[in-house]
Amino acid sequence: MYTFHVFLVHNLRIEGRMSAEAADRVAAVTSSRPSTPLQTSWFEFLLDASLLEKHLQKSNSDPTGVQLIIQFLEQASKPSVNEQNQVQPPVDNRRNRTLKLLALKVAAYMKWDLDALEKGLTIPVLNMLLNELLCVSKVPAGVKHVDLDLSTLPPTTAMAVLIYNRWAIRTIVLSSFPEKQTKPGPHQMNMLSVVQQEKEMTDNILSVLKEQANDSISVLEVALHLKKDFYVHTMRTLDLLAADNAAANGETESSTAGLRISANELHCQVHYDLGAIFFQQGCTDQPAFEKARDHFRQTKELLKKLNSAVHVHLDEDRLAGYWNACKALTGDCDSCDSQTTHYDQINGMLGARNYQAVVEAFIKDNVSRSLPKHFRRSILRELMYKAQQGETGLDEVCHQLCVCNAVRDALEGEVLSVRFQQLLTKPSKRLMDFILEVCTRSLEKESSSEVPRQNMATFMHTLCESLEELSLVFMVSSHKLFTELLREEERKLLVEQMRKRSAAVNLSAKPLPSFYDIPASPSVSIGQLEQQLILSLDPRRIRQILNELHDIADRPFWRVNSKWDVPPDYINVILAIKDNLTKDMVYILMAKGLHCIAIKDFLHARQLFSACLELVTEFSPRLRQVMLNELLLLEVRAHETAAADGSKERPPSDLVSRVRGYLEMRIRDLPLRQVVGEECVAFMLNWRENDYLTLQVPSSAVNNNPYVKLGQLLASTCKELPGPKESRRTAKELWEVVVLICSASVQHKRSNDGRVGLIKHRESSMGILTRSKFITFVKKIREPLVLTALISLFVRLHSIVGDEIVNEVTAEHLAIWPSSLPNIQAVDVEAVAVTVKELVTYALTLNPNNQSWLITQADIYFATNQYSAALNLYLQAGGASSDFFTKTVPPDVYTDQVLKRMIKCCSMMNCHTQVAVLCQFLREVDYMTAFKALQEQNSHDAMDSFYDYIWDITILEYLTHIHHKRGETEKRQIAIKAIGQAELNTSNPEEVLQLAAQKRKKRFLQAMAKLYF
């Protein structure tokens, strides 16, 4: 309220309309309030350019830096409303650009500390901020980050790419950690829709980041090979960029005038982030733990080198935890690290189930205290969990480890654990002997230190007071250690107290229970049961736990874990179940089953879904059909996963029949997930059930399900491709559908990186699917012919609409597609370009040796001036078609067009001798290009070492002339020696000359492959 009044006074004074009487009234109101600092409003920073830095330099700035970022971006991204009252995207005007720049300047003042930004900003806000960073840093639009050459980019541009990709993998890792689900109170219910929208935005961003995770990892791995220092934007360089908008590709003073980050500092941070993502992937990919270990090792080594790591923000305790976990999981041993050796020894004992050796190690560690207490407790928890799972012989081991940990706590003067105090409620004589043994051995080397001895005396005193049975008290009080640590007066007083207590207990008819005999409170029991509920995958055990929980508290337990997600299509049906126990059971079984499918644990998924099906069959036909659909999806995914892993086994006829039944199913009011239909159609395409899709699928399914429609068009097109006359009718229908999918209803002037476009771009609703859903569907297809047809379609489409790659990229079956578009402006050129690259990249992950796809990918690189990558792929295509050049490369692979592009690639990389050799491969030798290349003296290849691969006498004679003219005697002799080879004599039969040429071709291409692979 105070801030509001001051703001009112300020405005009125500016406008000159405030009377003295009005000022007195406002002052009277405000004078009764306690004085609080005036909060600076966001718009004030627009009016005064120098205010931001002054504000951030304050010790307790209000609002804080991250709050300012939120306010700036929120104001800059507010949608506008036109005269027709229609909501429009935010206007790209000077005000909004300035607000975005202010947000970036705040982040620059924070030195782009992702730890601080992640703590204060939500994922959508931080995504928006970093996308702005990519924009102002002039990161090339429409090009994936993995395709960029970081070494050639301006320093701040490269750093922007690295910051974004570091954030991407950090966000994936952080999202995998469990979160406590917040429960809205009555006053928050109106905020649920806003929270739900933000959650959906976050989920969309996370899905894209996870999809592009491998690209982000590749970008960061490339950065580790760059040895130069890096520069990141500061407030000053951002001002320079704003003042110099016309600069191309960030080549301004701001490119090198930023904050310098040393290569070691950046590598240290990147190694840590890569280690974290590989560690997270290790849950489903065991070898990833080894990669994580290597990255964490590099992080530790770089941290030692850095005396003052100003720009390295990482939690060293967390790094130590990661490192120890990796060592344990990989079985690696580093003899130079004494602490790690202890971990290795204990983990080796656990692996060998030598539990008594673990107990012995804990007792010895009570003396050396080299193992952290959290590690010791984690070992105890692990063994207790194994005991709960039914492993025999572990109860006594757990008791002994609990005693060891309690003695360690006692020696350091800490509070004893509840678990140990519960052990003392009914201890056996054997347990007491063990406690006394541990106490004695833990003090062997502590005779000179007084504090641990005093702590141990206190522990012995507490031990006697905790024991109910008098014989055990006398057992402790008569022990040698007890008499050494406690004075005689203390011993006598304690024993007397124990006797009196024992007599009082005997006089009582009904002894009072001790504190630890009292049952645990309901909240403790619920917490333990909830933990078991989260961990369990056994349907029977889940039901048993839920029964126990509902006996204790009548509330919903399906919200225990925020990671339990059920598709939105099913939530209303499940939450409509009246019985709370059944509702919890159905929700949790389905959520756990879906999680198991996501991590490809199909065995447990089947058990959970089968149990859920059995449960819902009793009361809900709708839910029964839902579960049958989900079981079908499970079987489809299981079979597709096996096929992707190399299995050639065709799906059983029963599964194919069930898929057909689903596609033909029409049940009113039944919630259907699009993904089920999507994967069923992809399944039918992958197993070439083209006759069904083209002839037998009902028209109602085609009209109502966009995936069935798309599948039918793909099947029809592919069915006629191998024939002598390729049909254009079905191809034209498929073409029209895809063109609509790639048509944009809203065009932005400025677009961000390809991956981000999937999130930010307002996709057209003109097509039967959005482009992102179309790409997701295509990436479930494995059938080569379908992928070849789609690649061909998009290559043709891009050749029509694109400005950069006009008739440059080749593919199979281009002739079946139309050669023009009636409404070319409606097609989103960037979306088409990105889709071509995504399609070819995905196809090559399935079959890296497909010659057609390799040539298409190479053409894409060639057209975007990435000559080294293009030449690599042209060579891969040739190698795949000739058993690594042991046979002749077929002429339909190395056409004259491909060879000319290889020649240009070599020329652009200044490998001029390679150009001359490749000129011989053409049907008609290109002497002009060869001679011009050989005239170049600044060649980056091995020059004369390639002369052995030249078989054309004219080129060799020209080489001899050139070297003679330059006075290069040695190189001239090499050329003369090559001419003098008998098999190159022009008088030889044509067969001999051809054989000599083929032999040199193979050897040259093998040499090139070794250079560029």
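Basis of the calculations
Counting from 1, residues in each chain are numbered in the order their sequence is written. Owing to the predicted nature of the model, reporting of local features is limited to residues with pLDDT of at least 70; listing and counting of side-chain atom pairs is limited to 80 or more, with chain, interface and lining totals taken over all residues. Remark: hydrogens and water are excluded; side-chain values derive from all non-hydrogen atoms of the structure. Secondary structure elements follow DSSP: runs of H or I no shorter than four residues count as helices, runs of E no shorter than two count as strands, and numbering proceeds from the N terminus. Burial here depends on accessible area, computed with a 1.4 Å probe over protein chains only, as a share of the maximum for the residue type. Under 20% is buried, over 50% is exposed, and the range in between is partly exposed. We call two residues in contact whenever any of their non-hydrogen atoms come within 4.5 Å of each other. Computed with a 1.4 Å probe, the accessible areas rest on the Shrake-Rupley method; for each residue, only the protein chains presented here act as cover. Here, two cysteine sulfur atoms that lie within 2.5 Å of each other are counted as a disulfide. For helices, the axis comes from a line fit to the C-alpha atoms of the stretch in contact; other axes are also lines fit to C-alpha atoms, and the angle between any two N-to-C directions lies between 0 and 180 degrees. By definition, any crossing whose near helix is turned counterclockwise from its far helix by less than a right angle is left-handed, and any crossing with a clockwise turn is right-handed. Classification convention: Asp, Glu, Lys, Arg as charged; Ala, Val, Leu, Ile, Met, Phe, Trp, Tyr, Cys, Pro as nonpolar; all other residues, Gly among them, as polar. Patch definition: residues with relative accessible area over 30% and no salt bridge; like charges joined within 9 Å; nonpolar side chains (Val, Leu, Ile, Met, Phe, Trp, Tyr) joined within 5 Å. Take a side-chain nitrogen of Lys or Arg and a carboxyl oxygen of Asp or Glu: if they are within 4 Å of each other, that pair is a salt bridge. Think of a polar contact as two N or O atoms within 3.5 Å of one another; within protein, one of them needs to be a possible hydrogen donor and the other a possible acceptor, and neighboring residues in sequence only count if both atoms come from side chains. Helices are assigned an expected span. That span is 1.5 Å times one less than the residue count. By nonpolar core is meant a set of buried Ala, Val, Leu, Ile, Met, Phe, Trp, Tyr and Cys residues that side-chain atoms within 4.5 Å join together. For Phe, Tyr and Trp, where Trp contributes only its six-membered ring, two rings pair if their centres lie within 6.5 Å, and the inter-plane angle classes them as stacked under 30 degrees, edge-to-face over 60, or tilted in between. A residue's pLDDT is the predictor's confidence in that residue, given on a scale from 0 to 100.

With that settled, consider the overall build of the protein. Secondary structure assignment for the protein yields 49 helices and 4 strands. Taking all 1013 residues of the protein together, the buried fraction comes to 47%. Relative to all contacts within the protein whose residues are 6 or more apart in sequence, the contacts with residues 24 or more apart total 69%. For the protein, the accessible surface area stands at approximately 51100 Å², while carbon and sulfur atoms represent 51% of it.

Another aspect to go through is the state of the cysteines. By definition, a disulfide is the covalent link that joins the sulfur atoms of two cysteine residues. All told, the structure shown has 0 disulfides when counted by the stated rule. In this structure Cys404 is a free cysteine whose sulfur lies 9.3 Å from that of Cys402, the closest cysteine sulfur available. A relative accessible area of 0% places Cys404 in the buried class.

The next point concerns the environment of Asp565. Tracing the sequence through the fold places Asp565 in the loop between helix H27 (539-552) and helix H28 (568-575). As for Asp565 and Ala591, which are separated by 26 residues in sequence, their C-alpha atoms are 5.5 Å apart. Excluding its chain neighbours within four sequence positions, the residues that come into contact with Asp565 are Lys199, Tyr587, Ala591 and Leu594.

Right, let's talk about the packing of helix H36 (residues 706-720) against helix H37 (residues 729-741) for a bit. It is the contact of H36 with H37, at a shortest axis distance of 9 Å, that shows an interaxial angle of 145°. Along this stretch, H36 crosses H37, giving a crossing that reads as left-handed. Between H36 and H37, the contacting residues are Leu710, Leu713, Leu714, Ser716, Thr717 and Glu720 on the first element and Thr730, Ala731, Glu733, Leu734 and Val737 on the second. Across the contact of H36 with H37, the residue classes tally to 6 nonpolar, 3 polar and 2 charged.

Moving on, we get to a nonpolar patch on the surface. Taken together, the side chains of Tyr385, Ile534 and Leu535 present a nonpolar region at the surface, about 260 Å² in accessible area. Mapped onto the secondary structure, Leu535 falls in helix H26 (residues 522-535).

What follows is about the pattern of salt bridges. One pass over the full model with this rule turns up 40 salt bridges. The partner of Arg408 in a salt bridge is Asp365, and the shortest N-O contact between them spans 2.9 Å. Here the residue Arg408 occupies a position in helix H19 (residues 395-411), and Asp365 occupies one in helix H17 (residues 355-368), the gap between them amounting to 43 residues. Each of the two residues, Arg408 as well as Asp365, counts as buried. With a shortest N-O distance of 2.9 Å, Arg673 and Glu630 are connected by a salt bridge. A residue pair is termed long-range when its members are at least 10 positions apart, and Arg673 in the loop between helix H32 (653-664) and helix H33 (674-686) and Glu630 in helix H31 (residues 621-644) qualify at 43 residues. The burial state of Arg673 is the same as that of Glu630; both residues are buried. The network of salt bridges with shared partners includes Asp365, Lys373, Arg376, Arg408, Glu412 and Glu414.

Relative to the helices and strands, Gln920 resides in the loop between helix H45 (912-919) and helix H46 (927-935). Using a relative accessible area of 4% as the deciding quantity, one classes Gln920 as buried. Looking at Gln920, its side chain comes within polar contact range of the main-chain nitrogen of Asp952, at 2.9 Å. Contacts of Gln920, omitting those with residues within four sequence positions, involve Val925, Tyr949, Ile950, Trp951, Asp952 and Ile955.

Count 3.6 residues to each turn of an α-helix, and residues three or four apart come out pointing the same way. Taking 1.5 Å per residue as the helical rise, H37 with its 13 residues ought to reach 18 Å, and the 19 Å between its terminal C-alpha atoms agrees with that figure. For H37, the set of buried residues is Thr730, Ala731, Leu734, Trp735, Val737, Val738, Val739 and Ile741. If you follow the buried residues of H37, they end up packed against H36, helix H39 (771-778) and helix H40 (784-801).

The subject of this paragraph is the nonpolar core. Core analysis: the largest hydrophobic core is formed by 170 residues, its most contacted members being Phe777, Phe794 and Tyr894. Of the residues forming this core, the biggest block, 11 residues, is contributed by H40. Those residues in contact with Tyr894 that lie beyond four places of it in its chain are Tyr874, Leu875, Gly878, Phe885, Val889, Leu899, Met902 and Leu1005. In this structure, Leu56, Ile163, Leu238 and Cys326 belong to the second largest nonpolar core, which totals 80 residues.

What follows concerns the environment of Met460. As for its position among the elements, Met460 is in helix H22 (residues 450-466). On the basis of relative accessibility, which here comes to 0%, the residue Met460 falls in the buried class. For the pair formed by Met460 and Phe482, sequence separation is 22 residues and the distance between their alpha carbons is 6.8 Å. Those residues in contact with Met460, other than ones at most four positions away along the chain, are Leu436, Cys439, Val476, Leu481, Phe482, Leu485 and Leu486.

Phi at Lys111 takes a positive value of approximately 60°, unusual for a residue other than glycine. Tracing the backbone through its elements, the reader meets Lys111 in the loop between helix H6 (94-109) and helix H7 (114-120). Phi angles above zero are rare outside glycine, and Arg353 is one such case at about 60°.

Right, let's get into the packing of aromatic side chains. One pass over the full model with this rule turns up 20 aromatic pairs. For the ring pair Tyr272 and Tyr322, a centre distance of 6.2 Å and an interplane angle of 70° mean the geometry is edge-to-face. Linking Tyr272 in helix H13 (residues 263-281) with Tyr322 in helix H15 (residues 316-330), this pair joins segments that are 50 residues apart in sequence. An identical accessibility class is assigned to Tyr272 and Tyr322; each is buried. Ring centres of Phe774 and Phe794 lie 5.8 Å apart, and the angle between their planes is 40°; this geometry places the pair in the tilted category. Of this pair, Phe774 sits in helix H39 while Phe794 is found in helix H40, placing the two residues 20 residues apart along the sequence.

A few words on the confidence of the model for the protein. Looking at the protein as a whole, its pLDDT mean stands at 80, while 84% of the residues score no less than 70. Taken together, the stretch residues 183-192 has pLDDT below 50 and engages in 5 contacts with residues farther than four places along the chain or on a different chain. A low-confidence stretch, residues 335-340 stays under pLDDT 50, and its non-local contacts, those more than four residues away or across chains, total 8 contacts.

Here the focus is the packing of H45 against helix H49 (residues 990-1012). Axis angle and axis distance: for two packed helices, these are the angle between their axes and the distance between the axes, and together they describe the pair. H49 packs onto H45 with a crossing angle of 145° between their chain directions and a minimal axis gap of 12 Å. Classified by chirality, the crossing of H49 by H45 is left-handed. The segment H45 lies against H49, with Gln914, Val917 and Leu918 engaging Phe1004, Met1008, Leu1011 and Tyr1012. By residue class, the composition of the contact of H45 with H49 is 6 nonpolar, 1 polar and no charged.

Burial analysis of H45 places 8 of its 8 residues in the buried class, the great majority of the element. Within the sequence span of H45, burial applies to His912, Thr913, Gln914, Val915, Ala916, Val917, Leu918 and Cys919. Looking at the buried positions of H45, the neighbouring elements they touch are helix H44 (896-908), H46, helix H47 (953-966) and H49.

What follows deals with the environment of Glu808. Mapped onto the elements of the fold, Glu808 is located in the loop between H40 and helix H41 (829-846). Judged by its relative accessible area of 28%, Glu808 is partly exposed. Counting along the chain gives 51 residues from Glu808 to Asp859, while the straight-line C-alpha distance between them is 6.8 Å. Excluding anything up to four places from it in sequence, Glu808 contacts Asp859, Phe862, Ala863, Gln897 and Arg901.

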